[in-house]
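# Residue-level structural notes
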Amino acid sequence: MGFLFLLVAYYERNIERSPVLIADLEENNNRVYNELDKDNFFDVVSNKTGAVLLVNSKTDVRKFIDYLYDFKENYTIYVYNLKGDEMSFSFNEENDLVVNKKQSKFYDQLIVYLGAYADDQVVVQDDGTIVKTNYKVIYTPTVLFIDNGKPIYSHSFLDEEISIQDLKDIYRQGFETLKNGYNS
């Protein structure tokens, strides 16, 4: 017990102090990123330059964060988990599309913020028929590159079979777009 107390005291004395709130930072595989919530999302990204990873689970973060770090240079990585904000659909007995759960107000704001980077929502019936919903969606995971708070490059991962090299090429292109400027 005494050893544990000494270890904690040593740690407290020797940790690096930072003006950033520790609650705002997350760590995954020794990769530090800023985790956003719906209350601070737009305030934080409003004038920032970096990458925003929009996910639906911590598994997505673990799966993609290392590859983002390969190219990030001096840019900040932000993460927002959309779980709970998304709309859900089903089909009734007449095979009509039914909204089970509406998307959150924050999700609506995020769709507007993404503009052309938001996708058209489609739902696939059991027989493979694709049904348009007339709603916009953010497929997850999505990586969004922002320059001074404005989205300039984005990619959604709809194919679970994406190769690591393709993933790296997408991230490299996003960070090069930030580095070289959107209009170059």
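Residues numbered from 1 in each chain as written. Predicted model: local features only at pLDDT ≥ 70, side-chain atom pairs only at ≥ 80, totals over all residues. Heavy atoms only, no water.

Moving on, we get to the overall build of the protein. When you go through the protein residue by residue, the secondary structure sums to five helices and 10 strands. Among the 184 residues that make up the protein, the fraction classed as buried is 36%. Long-range contacts, defined as pairs at least 24 residues apart, comprise 61% of the intrachain contacts of the protein with a sequence gap of at least 6. Per element, the accessible surface of the protein, about 11,800 Å² overall, is 50% carbon and sulfur. (Helix = DSSP H or I, 4+ residues; strand = E, 2+ residues; numbered from the N terminus. Buried < 20%, exposed > 50% of the residue type's maximum accessible area, 1.4 Å probe, protein only. Contact = heavy atoms within 4.5 Å. Areas by Shrake-Rupley, 256 points an atom, 1.4 Å probe, with all protein chains shown as cover.)

Turning next to a nonpolar patch on the surface. A cluster of nonpolar side chains, contributed by Val122, Val124 and Ile130, occupies part of the molecular surface with about 260 Å² of accessible area. Summarising the element assignment, Ile130 is placed in strand β8 (residues 130-137). Relative accessible area serves as the criterion here: at 57%, Ile130 is assigned to the exposed category. (Patch = residues over 30% accessible without salt bridge, like charges linked within 9 Å, V, L, I, M, F, W, Y side chains within 5 Å. Salt bridge = Lys/Arg side-chain N within 4 Å of Asp/Glu carboxyl O.)

Moving on: the packing of aromatic side chains. Scanning all chains against the criterion turns up 11 aromatic pairs. Arranged with centres 5.7 Å apart and planes meeting at 50°, the rings of Phe145 and Tyr153 form a pair that is tilted. Between the aromatic rings of Phe145 and Phe175, the centroid separation amounts to 4.9 Å while the plane-to-plane angle is 80°, which identifies the pairing as edge-to-face. In this pair, Phe145 sits in strand β9 (residues 142-147) while Phe175 sits in helix α5 (residues 164-180), placing the two residues 30 residues apart along the sequence. The pair formed by Phe145 and Phe175 is uniform in burial state, with each residue classed as buried. Through a chain of ring-to-ring contacts, the aromatic side chains of Phe41, Phe42, Tyr80, Phe106 and Tyr113 assemble into a single cluster. (Phe/Tyr/Trp six-rings, centres within 6.5 Å; stacked < 30°, edge-to-face > 60°.)

With that out of the way, let us pick up the confidence of the model for the protein. In this model, the protein carries a mean pLDDT of 80, and residues with pLDDT of at least 70 account for 80%. Counting interchain partners and residues more than four positions distant, the pLDDT-below-50 stretch residues 1-29 has 20 contacts. (pLDDT = per-residue confidence, 0-100.)

For the rest of this paragraph, the subject is the environment of Ser90. Following the sequence through the fold, Ser90 ends up in strand β5 (residues 88-91). In this structure the C-alpha to C-alpha distance between Ser90 and Val123, which are 33 residues apart in sequence, comes to 8.5 Å. Here the side chain of Ser90 touches Asn100 through a polar contact of 3.0 Å, side chain to side chain. (Polar contact = N/O pair within 3.5 Å; in protein donor to acceptor, adjacent residues only side chain to side chain.)

To continue, consider helix α3 (residues 58-69). If you check α3, its first and last C-alpha atoms are 16 Å apart, about what 12 residues at 1.5 Å a residue would give, namely 16 Å. Taken together, the buried positions of α3 are occupied by Asp60, Val61, Phe64, Ile65, Leu68 and Tyr69. Viewed end-on, α3 has its buried residues packed into an arc of 135°, placing them on one side of the element. (Expected span 1.5 Å × (residues − 1). Arc of directions from axis to C-beta.)

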